[in-house]
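The residues making up each chain are set out below.
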Amino acid sequence: MPPSGSASSASGPAATHEWSTRHSVLTLARRTVALLNALSPEPPEPEAVAAVLLEYGEPGPVRLTEADVADLRAAAEELRAVFEATDVDLAASRLNRLLARGTGSLRLSSHHGESPWHPHLDSDDEAPWGEWLLASSCLALTVLLWDRQEPPGGVCASPSCRHVFITRGSGPDRRYCSRRCATRERVAAHRRRAAGGGGG
Ligand SMILES: [Zn+2]
């Protein structure tokens, strides 16, 4: 349904930079993460979900009905399984399952000239929100897994957090969704050790 940004003014280096930033696979994967995190509370706040869509280039105003948000959340919960996969083989088999069941054929869209041509896996530009989220996320996560040969993302290791994140291409294994969660868990572990008499 939504175009992933407008390139109507695409000329010159700044516009080119904006185009590649907005349409890179990594940006699409980050949008998936931001949407899954906004959709993880039960019930999700429609305003928070709409804010993410706007932030990632969806033309406003974005009005989401309760049914739209429920549809998006169902897709988000399915996609979560890919982030929970701890190795690349499992992530690939879970992505394959979603691709077989929930997406259409690969096609190109420019949203009637409103955006640069880019690939879509949903059945139609007017597909329902849930179908769009599942298809666009599967596309981005598939390309990331292909490129890196590792799971495209992970789930925050903090027991009080449900947030997902994108795995870095290289560098140390990431365990937490944010610095905030990492700090909170480090402090908690420190307190547990102190309460236990300094052991372990
Ligand atoms: Zn977290």
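Residues numbered from 1 in each chain as written. Predicted model: local features only at pLDDT ≥ 70, side-chain atom pairs only at ≥ 80, totals over all residues.

- Going by an unreviewed UniProt entry, the protein chain carries the name CGNR zinc finger domain-containing protein and comes from Streptomyces triticagri.

### A word on helix H6 (residues 129–148)
- Between its first and last C-alpha, H6 extends 28 Å over 20 residues, near the 28 Å set by a 1.5 Å rise per residue.
- Among the 20 residues of H6, 16 are classified as buried, and the element is accordingly described as predominantly covered.
- Residue Gln-149 follows H6 closely and has a positive phi angle near 55 degrees. (Helix = DSSP H or I, 4+ residues; strand = E, 2+ residues; numbered from the N terminus. Expected span 1.5 Å × (residues − 1). Buried ≥ 20, exposed ≤ 12 C-beta atoms within 10 Å, placed from the backbone.)

### Section: the nonpolar core
- Counting residues in hydrophobic clusters, the biggest one holds 37 residues, and the most contacted among them are Leu-72, Ala-76, Leu-133, Cys-138 and Leu-141.
- Looking at this core, the elements with two or more residues in it are helix H2 (25–38), helix H3 (46–55), helix H4 (66–84), helix H5 (88–102), H6 and strand S4 (164–166).
- When residues of this core are assigned to their parent elements, the largest contribution, 11 residues, is made by H6.
- Apart from residues lying up to four places away in sequence, Ala-76 is in contact with Leu-35, Leu-36, Leu-39 and Leu-133. (Core = buried A, V, L, I, M, F, W, Y, C linked by C-beta atoms within 7 Å. Contact = placed C-beta atoms within 7 Å.)

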